[in-house]
Amino acid sequence: MSVGHIARGFEEAGIPTVVIATTPFAKRLEVMALPRVLLTPNLIGRVFGNPHDRAYQKGVLQKAIALLKTAKKNGTLEIMKY
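An account of the accompanying structure is given in this report. (Residues numbered from 1 in each chain as written. Predicted model: local features only at pLDDT ≥ 70, side-chain atom pairs only at ≥ 80, totals over all residues. Heavy atoms only, no water.)

Examining the side chain of Thr-40
Then comes step 1: Mapped onto the secondary structure, Thr-40 falls in strand β2 (residues 36-40).
Then comes step 2: Thr-40 sits in the buried class, given a relative accessible area of 0%.
Then comes step 3: When sequence neighbours within four positions are dropped, the list of residues in contact with Thr-40 reads Ile-20, Ala-21, Thr-22, Thr-23, Val-47, Val-60 and Met-80. (Helix = DSSP H or I, 4+ residues; strand = E, 2+ residues; numbered from the N terminus. Buried < 20%, exposed > 50% of the residue type's maximum accessible area, 1.4 Å probe, protein only. Contact = heavy atoms within 4.5 Å.)

The following block contains the structure:
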């Protein structure tokens, strides 16, 4: 939950954020109404995927950056698929 407070602090300072989390946390994150959330289908503790899977990890990061550019409204939640 503290990630929400940190993200809001950055946003208030004018720094846009994207919270990257796993899908089991979707309901909790919706309630928090964060500006931008990217949910991945990965295991808890492996938000960016398996260790050493550089291509997949890069894809997650690229999706997060794209969300920064394309989110049109506060509270955008996007679910990433494999």
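Examining the nonpolar core
Then comes step 1: Counting residues in each nonpolar core, the largest one holds 9 residues, listed as Ala-7, Val-19, Ala-21, Ala-26, Leu-29, Met-32, Leu-34, Val-37 and Leu-39.
Then comes step 2: Of all the secondary structure elements, the ones that give two or more residues to this core are β1 (19-22), α2 (26-32) and β2.
Then comes step 3: Here this core gets 3 residues from one element, more than from any other, and that element is α2.
Then comes step 4: Leave out the neighbours within four places in its chain, and Ala-26 touches Leu-39 and Leu-77.
Then comes step 5: Counting residues in each nonpolar core, the second largest holds 6 residues, with Leu-38, Tyr-56, Val-60 and Ala-64 among its members. (Core = buried A, V, L, I, M, F, W, Y, C linked by side-chain atoms within 4.5 Å.)

With respect to helix α3 (residues 54-70)
Then comes step 1: In a regular helix each residue adds 1.5 Å, so 17 residues correspond to 24 Å; α3 covers 24 Å between its end C-alpha atoms and thus fits that length.
Then comes step 2: Those residues of α3 not exposed but buried are Tyr-56, Val-60, Ala-64 and Leu-67. Burial along α3 is one-sided: seen end-on, the buried residues are contained in an arc of 85°. Those residues of α3 that are exposed and angled more than 90 degrees off the buried face are Arg-54, Ala-55, Lys-58 and Lys-69.
Then comes step 3: Next to the buried residues of α3 lie β1, β2 and β3 (76-79). (Expected span 1.5 Å × (residues − 1). Arc of directions from axis to C-beta.)

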